[in-house]
Amino acid sequence: MMRILPAAIALLCIVGVAVDASLAADLPVGQIDRFIEQKWQQADVQPAEPISDSRFVRRLYLDLVGRIPTPQERETFLADQRPDKREHLVDLLLGSEDHVVHFADLFDTLLMGRGSDRDYCNRREHQWRSWLEQAFRENRPWDEVVQEILLARPASPDERGTVWFLYERENDHQKIAEAVAPAFFGIRIECAQCHDHMLAGEIEQRHYWGLVAFFNRSENAKTENGPRVKESAIGGFSEFAKLSGESTPNLLTFFGADVVDEPRPDADQKQEDLPELYVEAALKGEPQVPKFSRREQFVSHVANGHPLIARAFVNRMWAILLGRGIVHPFDEMDSTHEPSHPELLDWLAQDFRDSGHDIRRLIRMIVLSRHYALDSRRPEGIDDPALFAWSLERPLTAEQLARSMQVALHGSFRNDHPLFRQLRETLPDVLPETVGTGVDAALFLSNNPAVNTFIAESDEPSHLIPRIQQLDTPAEQVTALIVTLFGRPPADDEIERIAGFVATAEPGSQARSQRWQHVVWALLTSAEFRFNH
């Protein structure tokens, strides 16, 4: 239905038939717009103007494939005369390998965090990265992805990467619990380690230690099939102390779920780890499986169908594509962080579940909505970003910036370029709660040889700086430069200032090339290039 609607509306307009507004409102994209517009009406605000196609194409490429478009890609889209060309571009990008890599970049960082060179090497060597890419390539249902990660028990050699989320936490069961809660349920439970959450009282201390208990029989193991997370059938019956001094058993429970029954041995009873407590794994060489597996109990009785799985994902995707979650911060979906649009969040989560946790469908709905395509200039008199009345500027991730710098200067990119490592170290944030440029980042962009060397060595005939120097006039040169980097034509004063600066050196001289390098450095490190807007 979404695919044909714009064409159908265009056809109705051509033949002079009025379009029924209620028709659009009944469709998913129309539903999103309706919820957002209701809030604008209640707040009596006028949203920003819609953006042009030239700005839409830059924004969309950065969001869906993690880089700016090449000049050819931009021109192709602008020349497209189809009324539904934005939908066609969304579908094209969602089906691309660049989209797979970009979203694997995002979710690798969101689920695992940044790491050392060795961490990234291990994630690739042990198939975590390729498994994550395959999940996005096949558009696998998100709830299945979550369950496979938490169970960490590959059913085939192609699934061996599923163990790495737990394995990289190196048997630290509290670290595992503190990673599982925000990554898949959108809540933070660290504050409930020593007592019930001080502000969000619904997150109780028993939830923290119950989540720990689901994983505290797990242990890293080296097997003939590679690293695995084996699980014991016994043990893990500890207690946690309340502030009152009272000790409480760590029952198998979690926020929003019932207690999973499990017989507890008496305090003086010693358990025996007997062979009859296990069954053989389905695959040869895999660790044996407890008949009562706590991880399996968590997946089947807690994660499966838990309402926060869908709510947390749609809220996170909203934050990725629109700059902040409907609940902000996106991983603190508790009673102290009310959603800005509760009905919209409910609707998105239910629609996501009804669609079979279809990730691409969700992304498509959001980027084709009206408010996704609003201008990033904040309308006068509107201060609340939670109204989504203008497009919130988002800093590029290290990977987006590394790819975009290559596309700008080389017209193509490599995902193994040294810029990736250098930028990850300096600009590690993905979806930061607040946006700012620290001293380290400023110094890196100003003085680090990595950026300056990259610009200086971009001197092949097909690269940007040599190409623009072949153009006839300063105006043509500056126009080609600004359009390539920013996706817009230059202002008159930009042409005047850049051309005037470059003209202080003789044409064809090394000094002239160096002046162009200085200009490119200033533009690449500017906010206009480093943000999606």
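Fair warning: this is a prediction, and the values are worked out from it, not measured in the lab. (Residues numbered from 1 in each chain as written. Predicted model: local features only at pLDDT ≥ 70, side-chain atom pairs only at ≥ 80, totals over all residues. Heavy atoms only, no water.)

## Focus on the overall build of the protein chain
Along the backbone of the protein chain there are 26 helices and eight strands. A globule of 533 residues ought to have a C-alpha radius of gyration of about 24 Å, and the protein chain, at 26 Å, matches this closely. Seen through its principal axes, the protein chain has C-alpha atoms that stretch 90 × 60 × 45 Å. In the protein chain, which comprises 533 residues, the proportion classed as buried is 51%. In the protein chain, of all internal contacts separated by at least 6 residues, the share reaching a separation of at least 24 is 68%. Side chains of the protein chain give 56 positive and 83 negative charges; the mean places of these two sets differ by 3 Å. (Helix = DSSP H or I, 4+ residues; strand = E, 2+ residues; numbered from the N terminus. Rg over C-alpha atoms; globule rule 2.2 N^0.38 Å. Buried < 20%, exposed > 50% of the residue type's maximum accessible area, 1.4 Å probe, protein only. Contact = heavy atoms within 4.5 Å. Lys, Arg positive; Asp, Glu negative; His and termini not counted. Charge placed at Lys NZ, Arg CZ, Asp CG, Glu CD.)

## Some points on the packing of aromatic side chains
Per the stated rule, a full pass over the model turns up 22 aromatic pairs. Aromatic pair phenylalanine 313 and phenylalanine 352: ring centres 5.2 Å apart, planes at 5°, arrangement stacked. Here the residue phenylalanine 313 occupies a position in helix α15 (residues 307-322), and phenylalanine 352 occupies one in helix α16 (residues 342-354), the gap between them amounting to 39 residues. Residues phenylalanine 313 and phenylalanine 352 agree in their burial class; the two are buried. Clustering of aromatic rings is evident, with ring pairs tying together Phe103, Phe107, Phe136, Trp142, Phe165, Phe184, Phe313 and Phe352. Here the basic side chain of arginine 378 rests over the ring of tryptophan 390, its NZ or CZ set 6.0 Å away from the ring centre. (Phe/Tyr/Trp six-rings, centres within 6.5 Å; stacked < 30°, edge-to-face > 60°. Lys NZ or Arg CZ within 6 Å of the ring centre and 35° of its normal.)

## Some thoughts on helix α18 (residues 398-410)
Helix length check: α18 (13 residues) gives 18 Å between terminal C-alpha atoms against 18 Å at 1.5 Å per residue, within 8%. Most of α18 is tucked away, with twelve of its 13 residues classed as buried. Looking only at α18, the buried set comprises Ala398, Glu399, Gln400, Leu401, Ala402, Arg403, Ser404, Met405, Gln406, Val407, Ala408 and Leu409. Glycine 411 lies just past α18 and shows a positive phi near 85°. (Expected span 1.5 Å × (residues − 1).)

## Some thoughts on the side chain of threonine 223
Residue placement: threonine 223 occurs in strand β1 (residues 218-223). A distance of 2.7 Å separates the side chain of threonine 223 from the backbone oxygen of glycine 226, its partner in a polar contact. Those residues in contact with threonine 223 that sit more than four places away from it in its chain are Arg228, Gly285 and Pro287. (Polar contact = N/O pair within 3.5 Å; in protein donor to acceptor, adjacent residues only side chain to side chain.)

## Considering the nonpolar core
Ranked by size, the top nonpolar core spans 111 residues in total, and within it Phe184 and Met317 carry the most contacts. At twelve residues, the largest contribution of residues to this core is made by α15. With near-sequence residues (within four places) excluded, methionine 317 lies in contact with Phe103, Phe107, Ile359, Leu362, Ile363 and Ile366. With 39 residues, the next largest nonpolar core counts Leu419, Leu481, Trp516 and Phe529 among its residues. (Core = buried A, V, L, I, M, F, W, Y, C linked by side-chain atoms within 4.5 Å.)

## Observations concerning the environment of arginine 124
Its location among the elements puts arginine 124 in helix α8 (residues 117-125). In this structure the C-alpha to C-alpha distance between arginine 124 and histidine 357, which are 233 residues apart in sequence, comes to 26 Å.

## Things to note about the packing of helix α3 (residues 28-43) against helix α17 (residues 359-367)
Interhelical geometry of α3 versus α17 gives an angle of 55° and a closest axis separation of 9 Å. The pairing of α3 with α17 is recorded here as oblique in orientation. Considering the relative orientation of α3 and α17, their crossing is right-handed. Residues Pro28, Val29 and Ile32 of α3 form the contact with α17, whose own contacting residues are Arg361, Met365 and Ile366. The class makeup of the residues in the contact of α3 with α17 is five nonpolar, no polar and one charged. (Axes fitted to C-alpha atoms, helices over the stretch in contact; angles between N-to-C directions. Parallel < 35°, antiparallel > 145°, perpendicular 65-115°, else oblique. Left-handed = near helix turned anticlockwise from the far one by under 90°. Nonpolar A, V, L, I, M, F, W, Y, C, P; charged D, E, K, R; others polar.)

## A closer look at the environment of methionine 112
Looking at the secondary structure, you find methionine 112 in helix α7 (residues 97-112). Of the residues examined, methionine 112 reaches a relative accessible area of 8% and is grouped as buried. Spatially, the C-alpha atom of methionine 112 lies 9.7 Å from that of arginine 123, the residues being eleven residues apart in sequence. Once you skip the residues sitting within four places of it in the chain, methionine 112 turns out to touch Phe107, Arg123, Trp128, Trp164, Phe165, Glu168 and Arg169.

## Focus on the pattern of salt bridges
Two side chains carrying opposite charge are able to pair once their charged atoms lie near each other. Enumeration according to the criterion identifies 40 salt bridges in this entry. Across the pair arginine 153 and glutamate 231 runs a salt bridge, and its minimum N-O distance is 2.9 Å. Of this pair, arginine 153 sits in the loop between α10 (142-151) and α11 (164-167) while glutamate 231 is found in strand β2 (residues 226-231), placing the two residues 78 residues apart along the sequence. By relative accessible area, arginine 153 is classed as partly exposed at 22%. By relative accessible area, which is 4% here, glutamate 231 ends up buried. Between glutamate 262 and arginine 294 there is a salt bridge, and its shortest N-O distance comes to 2.9 Å. (Salt bridge = Lys/Arg side-chain N within 4 Å of Asp/Glu carboxyl O.)

## Considering the confidence of the model for the protein chain
For residues with low pLDDT, the predicted coordinates do not support detailed interpretation. Mean pLDDT over the protein chain: 93, with 95% of residues reaching 70 or higher. Taken together, the stretch residues 1-26 has pLDDT below 50 and engages in 25 contacts with residues farther than four places along the chain or on a different chain. (pLDDT = per-residue confidence, 0-100.)

## Remarks on unusual backbone geometry
Peptide bonds are, in most cases, trans, and in most cases residues other than glycine have a negative phi. The omega angle of the peptide bond from histidine 328 to proline 329 is 0°, so this bond is cis rather than trans. Inspection of the secondary structure puts proline 329 in the loop between α15 and α16. The backbone phi angle of glutamate 170 is positive, close to 55°, even though this residue is not glycine. Structurally, glutamate 170 can be placed in the loop between α11 and α12 (173-185). Overall, the relative accessible area of 62% leaves glutamate 170 in the exposed class.

## Remarks on the pairing of β1
Across six bridges, the pairing between β1 and β2 is antiparallel. Residue pairing for β2: glutamate 219 is matched across the bridge by lysine 230. Here β1 folds back onto β2 in antiparallel fashion, the turn holding two residues. (Pairing = 2+ DSSP bridges.)

## Regarding the state of the cysteines
One pass over the full model with this rule turns up zero disulfides. Free of any disulfide, cysteine 191 has its nearest neighbouring cysteine sulfur in cysteine 194, separated by 9.4 Å. (Disulfide = S-S within 2.5 Å.)

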